[in-house]
Amino acid sequence: MPVRQLPEQIINRIAAGEVVERPASVVKELVENAIDAGASRIDIFTDGGGRRKIAITDDGGGMTAADLALAVERHATSKLDDEDLLQLRTLGFRGEALPSIGSVARLSITTRHKSEPHAWALQVDCGEKSPVVPAALNQGTRVEVADLFHATPARLKFLKTDRTEAEAIREVVRRLAMARPDIAFTIAGEERAPVTWAAALPGAPGQLTRLGDILGADFRSHAIAVQSARESVAVEGFAAAPALTRANALGQYLFVNGRPGRDKLILGAVRAAYADYLPRDRHPVVALFVTLDPREVDANVHPAKTEVRFRNAGLVRALIIHALKEGLAREGRRTAANDGGATIAAFRPAFAPPRP
Ligand SMILES: Nc1ncnc2c1ncn2[C@@H]1O[C@H](COP(=O)(O)OP(=O)(O)OP(=O)(O)O)[C@@H](O)[C@H]1O
Ligand SMILES: [Mg+2]
């Protein structure tokens, strides 16, 4: 058979297989776009575990008609200029999300840019693009995704129950919301009461407010501020005192340059830092924010950008351990000074009930 170029629709579907694993990945891409557009408020609605419908509305900058038409084309992105192109792999923008989603669902985008007299809308139905038409919307962008994967039944089969998919969506939103306390979020749908996190102040106090909203009042009352920096790498955030633990490590959150990231190194570093305080089967709750030169981290290891790779992983690990150990020691001294020696025992939750 002769060699031939794959049609664009097929290329998009293959890319979609990597970028869009499940409804939660769609929500992640769309909420990230809303954040990048400068939104101060993002509303998320999903139905049927995100399979039937996902709708994300933001009040960000929106797109012009021309940008809207381009946004659903493969490798179209507004987030890199020519100089950045060399660093494409490190920065993590590939202009792939919208065309990928549009190739495996019914995608509809309505958007209003301030330079336009009114809003514009566009639909992509399993890769078939409609023309851009005038529409009604005051500000920002509304993206709707219906019947996800109806063009790729094999992918549909791999999805879990609506409940599980809905929980994966909430987890994605929780992570993004923890990273951006200055943005208000609502999550609605899935036969549950809507959840709202009001915009909090920037900086540490707002961060703690948002973390408390999401991780619970328990976390807020047990939170210790931690911080450490060296060679232009900074680690800061909050760690729960050892009195608050979980049976698994799912309460350990890492953010890299303001974005949620996963790296196995954090698990080991947290374990090492808490080793003197916790038995092996208990896990602390922490939210750590690493800030460093973007060239020092590869965010595109995974097509869905969920895993990060640090160039100097040893330094990041050392800083995480140092920040946590220092915070825990400080908290240990503080409780000892306040309540006398008895609290040292309370600092060892394995042998004492959590403080009220
Ligand atoms: N909610 C939004 N508000 C304003 N512009 C948007 C919004 N969503 C998408 N865009 C525009 O569409 C472009 C394409 O979006 P898409 O998500 O496909 O790619 P990207 O965000 O540039 O890169 P990535 O593939 O890493 O997500 C963006 O660069 C942006 O210009
Ligand atoms: Mg994007």
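Whatever comes next refers back to the structure up there.
Residues numbered from 1 in each chain as written. Chains lettered and ligands numbered in written order. Predicted model: local features only at pLDDT ≥ 70, side-chain atom pairs only at ≥ 80, totals over all residues. Heavy atoms only, no water.

## Examining the overall build of the protein
Argument step 1. For the protein, the count of helices and strands is 12 helices and 18 strands.
Argument step 2. Here the protein, with 356 residues, has 48% of them falling under the buried criterion.
Argument step 3. For the protein, contacts bridging at least 24 residues in sequence account for 67% of all contacts bridging at least 6.
Argument step 4. When the accessible area of the protein is evaluated, it comes to approximately 17400 Å², of which 55% is carbon and sulfur surface. (Helix = DSSP H or I, 4+ residues; strand = E, 2+ residues; numbered from the N terminus. Buried < 20%, exposed > 50% of the residue type's maximum accessible area, 1.4 Å probe, protein only. Contact = heavy atoms within 4.5 Å. Areas by Shrake-Rupley, 256 points an atom, 1.4 Å probe, with all protein chains shown as cover.)

## Quick look at the side chain of Thr-110
Argument step 1. Within the secondary structure, Thr-110 sits in strand E3 (residues 106–112).
Argument step 2. Overall, Thr-110 belongs to the buried group, its relative accessible area being 15%.
Argument step 3. Discounting chain neighbours no more than four positions away, the residues touching Thr-110 are Ala-119, Trp-120, Ala-121, Ala-135, Ala-136, Leu-137, Gly-140, Thr-141 and Arg-142.

## A few points about the environment of Leu-319
Argument step 1. Its location among the elements puts Leu-319 in helix H11 (residues 313–339).
Argument step 2. Along the primary structure Leu-319 and Glu-236 are separated by 83 residues, whereas in three dimensions their C-alpha atoms are 9.4 Å apart.
Argument step 3. Those residues in contact with Leu-319, other than ones at most four positions away along the chain, are Ser-228, Ala-229, Arg-230, Val-233 and Val-235.

## A closer look at helix H10 (residues 264–274)
Given 3.6 residues to a turn, an α-helix orients residues that are three or four positions apart in the same direction.
Argument step 1. Residues of H10 that are buried: Leu-265, Ile-266, Ala-269, Val-270, Ala-273 and Tyr-274. For H10, the angular spread of the buried residues around the axis is 150°, confining them to a single face. (Arc of directions from axis to C-beta.)

## Observations concerning the packing of helix H2 (residues 23–36) against helix H7 (residues 162–179)
Argument step 1. For the pair H2 and H7, interaxial distance at closest approach is 8 Å and the crossing angle is 25°. Here H2 is positioned roughly parallel relative to H7, judged by the angle of their axes. Crossing of H2 against H7: the hand is right-handed. In contact with Pro-23, Ala-24, Val-27, Lys-28, Val-31, Glu-32 and Ile-35 of H2, H7 contributes Glu-165, Ala-168, Ile-169, Val-172, Val-173 and Leu-176. (Axes fitted to C-alpha atoms, helices over the stretch in contact; angles between N-to-C directions. Parallel < 35°, antiparallel > 145°, perpendicular 65-115°, else oblique. Left-handed = near helix turned anticlockwise from the far one by under 90°.)

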